[in-house]
Amino acid sequence: MAKQRMLQFVTTDKEMPEKRPAPLRAQDFHEIYREFADAKAAEQAGRCSQCGVPFCQSHCPLHNNIPDWLRLTAEGRLQEAYEISQATNTFPEICGRICPQDRLCEGNCVIEQSGHGTVTIGAIEKYITDTAWENGWVQPIRPHAERGESVGIIGAGPGGLSAADMLRRKGIQVTVYDRYDRAGGLMTYGIPSFKLEKDVVMQRVEQLEQAGVQFVMNCNVGVDLSFDAIRGQHDAVLIATGVYKQRDLAAPGVGAKGVVTALDYLTASNRKSFGDEVEAYENGDLNAAGKRVVVIGGGDTAMDCVRTAIRQGAVSVKCLYRRDRANMPGSQREVANAEEEGVEFVWLSAPRGFTGGGSVEGVIVQKMRLGEPDATGRQMPEIIEGADYVEPADIAIMALGFEPEALPTLWGVPDLGVTRWGTVKADFRSHATNLPGVYAAGDIVRGASLVVWAIRDGREAAEAILDYLAQPAAVAAE
């Protein structure tokens, strides 16, 4: 029906001059799209085999009840489908957009493994939650009763926000501290708008604000406010800072103008999408328009950079990665998307330096081959001597990954336990650190990872904090 309604409006005057319909209103377009989308979602959801062993669910970090909300979607019961999806996921509309489903739920779909193409789980999750927001099914956060205990959360990324959501629903007073001017962490400033629209993130932040969560923005802990001060103001503290220290490249010419970091580049682009004035974007330092772009790295951040550069109007975009396609850590779906958009991948290639003196003119590329496997089983890249060449570049973006900052030093808390990699030591079940009442969750514990894992960690940490806060009351009752 939706397809028939759409076709009647694309008929030309030459074909049916006497029956041409009145101009299509915006409301008509919306109704036709909604009807078509409903049918498409139901069609895809109906492909779920409701298998006895739902590998999609077991391979989802949140263990979402995927088969049941697919069944409800196929039956047209979208509100019930949404209620089931949000029962285990604080931000289903965000996960539906940015989760690497090809490595998680969809990649383990029984139908996909049988060679018939996966059920598009992520697209359905996005659709039912967008529909829920549009129809007012997303209820405000209203605790049954207010409690006097307070929790301070350092970091307004997915881990911190998911913990804030769960704690506030239980009536806990929550304050979130973050270094940026907007909440959301890398969801706001690290992930491009074409993958995750910023209003989708901001509507969840507004929901938390309306629920009474206090946000202290532009707060650099250790500089503007000490960790001890935060700890003294709250009954418990959750560290959910993420990892923002970008890995360096020690190579000649790395300090040249035009050699930039991925986070700086993506942040500038995302600020522009908010309508901010960004001088480094306007003067071209962090703008790929009209330039030859080389991105160094093979993860999801590198894919965000190359696809952003295409949209900014780069003359050419190339991605250097030191291993081959099969060993690339980023999503294969993202790689395919980038290739379709015109990105050229240069496999088995690594940077040895940069040419151009004061301003970059090219990347010195050393060709690689894969040698013996390392302890993890991955083949180690080896340099092919004498095979270097120069790849012309007006801007070179380093997307080499992220590492944790030295929090004990930055915050003046030498007793905070960390691993040899600099991540915070925390119990993998309770997320408790070695400091009483202090918990940690997300990338600052597990290292650079996925948004969905941070959401899971934040939810688990919130449950552990609730148990911790209940202990004094239980002792007093005895």
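Residues numbered from 1 in each chain as written. Predicted model: local features only at pLDDT ≥ 70, side-chain atom pairs only at ≥ 80, totals over all residues. Heavy atoms only, no water.

By the naming in an unreviewed UniProt entry, the protein chain is NAD(P)-dependent oxidoreductase, taken from Cereibacter changlensis.

**Student:** Would you mind going over the pattern of salt bridges with me for this structure?
**Tutor:** Side chains bearing opposite charge may pair, as long as their charged atoms lie close to each other. Taken as a whole, this structure holds 33 salt bridges when the rule is applied. Two residues, E341 and R311, come together in a salt bridge whose shortest N-O distance is 2.9 Å. Here R311 lies in helix α15 (residues 300-311) and E341 lies in the loop between α16 (332-340) and β9 (344-346), a separation of 30 residues in the sequence. You can call E341 partly exposed: its relative accessible area is 26%. What makes R311 partly exposed here is its relative accessible area of 43%. Several salt bridges share partner residues, and in doing so they unite K195, D304, R307, R311, E334 and E341 into one network. (Salt bridge = Lys/Arg side-chain N within 4 Å of Asp/Glu carboxyl O. Helix = DSSP H or I, 4+ residues; strand = E, 2+ residues; numbered from the N terminus. Buried < 20%, exposed > 50% of the residue type's maximum accessible area, 1.4 Å probe, protein only.)

**Student:** Just checking my understanding: could you explain the packing of aromatic side chains for this structure?
**Tutor:** We describe a pair of aromatic rings using the distance from one ring centre to the other and the angle between the two ring planes. Enumeration over the complete set of coordinates arrives at six aromatic pairs. Ring geometry for Y180 versus Y189: centroids 5.3 Å apart, planes at 55°, classification tilted. Across this residue pair, the class does not change: Y180 and Y189 are buried. Aromatic side chains Y180 and Y244 sit 5.9 Å apart centroid to centroid with 50° between the ring planes, which places their arrangement in the tilted category. Residue Y180 is located in the loop between β2 (173-177) and α10 (186-189), and its partner Y244 is located in the loop between β4 (236-239) and β5 (245-246); the two are separated by 64 residues in the primary sequence. Exposure class is identical for Y180 and Y244. Each is buried. The cationic tip of R182 hangs over the ring face of F274; the distance from NZ or CZ to the ring centre is 4.0 Å. Positioned above the aromatic ring of F194 is the side chain of R311, whose terminal nitrogen or guanidinium carbon lies 3.8 Å from the ring centre. (Phe/Tyr/Trp six-rings, centres within 6.5 Å; stacked < 30°, edge-to-face > 60°. Lys NZ or Arg CZ within 6 Å of the ring centre and 35° of its normal.)

**Student:** Would you mind showing me how to read unusual backbone geometry here?
**Tutor:** Outside of glycine, negative phi angles account for most residues, and trans bonds account for most peptide bonds. Unlike most non-glycine residues, N218 shows phi in positive territory, near 55°. Within the element layout of this structure, N218 appears in the loop between β3 (214-216) and α12 (227-233). Notably, L348 is not glycine yet its phi reads approximately 50°, a positive angle. Topologically, L348 is positioned in the loop between β9 and β10 (349-355). With relative accessibility at 23%, the residue L348 sits in the partly exposed group.

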